[in-house]
Amino acid sequence: MAVNAKIREYKPEDLEQVLELVKELETEMARKFPNIKIKAGKWDYKTRYLQPGNKYKTFVAEVGGKMVGYLIGYPSVSAPEVDLMYDDLPVTPGHVPPEFYLQITFVSKPFRNQGISKMLHKRIVEYARDQGHKELYACIAKWNEAEISVVKSLKFEIKDLGYRYRLSLKL
Ligand SMILES: CC(C)(COP(=O)(O)OP(=O)(O)OC[C@H]1O[C@@H](n2cnc3c(N)ncnc32)[C@H](O)[C@@H]1OP(=O)(O)O)[C@@H](O)C(=O)NCCC(=O)NCCS
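Residues numbered from 1 in each chain as written. Predicted model: local features only at pLDDT ≥ 70, side-chain atom pairs only at ≥ 80, totals over all residues. Heavy atoms only, no water.

A. Representation of the pairing of strand E4 (residues 99–107) in the model. The element E4 is largely enclosed, with a buried count of seven among its nine residues. Sheet topology places strand E3 (residues 66–76) next to E4; eight bridges connect them, and they run antiparallel. Note that in E4 the partner of tyrosine 74 across the bridge is tyrosine 101. Two elements, E4 and strand E5 (residues 135–141), share three bridges in a ladder whose sense is parallel. When the sheet's bridge partners are listed, tyrosine 101 is paired in E5 with tyrosine 137. As for the winding sense of the linkage, the β-α-β connection from E4 through helix H4 (residues 116–131) to E5 is right-handed. (Buried < 20%, exposed > 50% of the residue type's maximum accessible area, 1.4 Å probe, protein only. Helix = DSSP H or I, 4+ residues; strand = E, 2+ residues; numbered from the N terminus. Pairing = 2+ DSSP bridges. Right-handed = clockwise from strand over helix to strand, strands pointing away.)

Okay, here's the thing in structure tokens:
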């Protein structure tokens, strides 16, 4: 069932509402994987992903003025160790790397299965294409059937990397 959600770019005044969603995500993951410490927490969102001027691009979904989901991606230099090292883009100004990486999506539980994640993904596909990227990709754990279904439904191609899948869409 499709819901009437508004998808738009993240603004600094959205910080607290997004951090509330991050808290929901952390609680969900802690329940799912009780023995694993989740590395990216609210601190990383505050100081890295949602920090204005960094390479990360965030879109949010609102329903009736309430924030119910987000999606974060960034231009990738195609070397994970380099991507992880820099929060700004380590390329010559003006250069657009061919690849754009989808880092994380979250939709609050009561709003799931209503097409919100799909809308967020469609919006970021549009954004990456407009920026001049040639390919969008995500690396998704095999247990994450929900996210795999979302990305598959957008006709991404799948490559089996062993314990993860690499899903990519040519733009
Ligand atoms: C993964 C997640 C973002 C999906 O959000 P959502 O808004 O419920 O997804 P949508 O309603 O847009 O679904 C899009 C497609 O995926 C399918 N899908 C969604 N959840 C599914 C599930 N649990 N199992 C199977 N298919 C699923 C839908 O049926 C739909 O397919 P269709 O377009 O062919 O009908 C959400 O479940 C979530 O936030 N999970 C926790 C965090 C997480 O795992 N994030 C991804 C890691 S990066």
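B. Region of interest: the site of the ligand. Not every one of the 19 residues close to the ligand is listed here, only the nearest: Thr105, Val107, Asn113, Gly115 and Lys118. Within the backbone of glycine 115, an N or O atom sits 2.8 Å from an oxygen atom of the ligand. With respect to the ligand, the backbone of valine 150 contributes an N or O atom lying 3.4 Å from an oxygen atom. For the ligand, the accessible surface in isolation is 930 Å², of which the surrounding protein chains cover 71%. Where the shell around the ligand is concerned, the elements lending two or more residues are helix H1 (15–32), E4, H4 and helix H5 (145–153). Here the shell around the ligand takes five residues from H5, the largest share from any one element. (Near = heavy atom within 4 Å. Polar contact = N/O pair within 3.5 Å; in protein donor to acceptor, adjacent residues only side chain to side chain. Areas by Shrake-Rupley, 256 points an atom, 1.4 Å probe, with all protein chains shown as cover.)

Everything listed here is a matter of geometry and, on its own, says nothing about what the molecule does.
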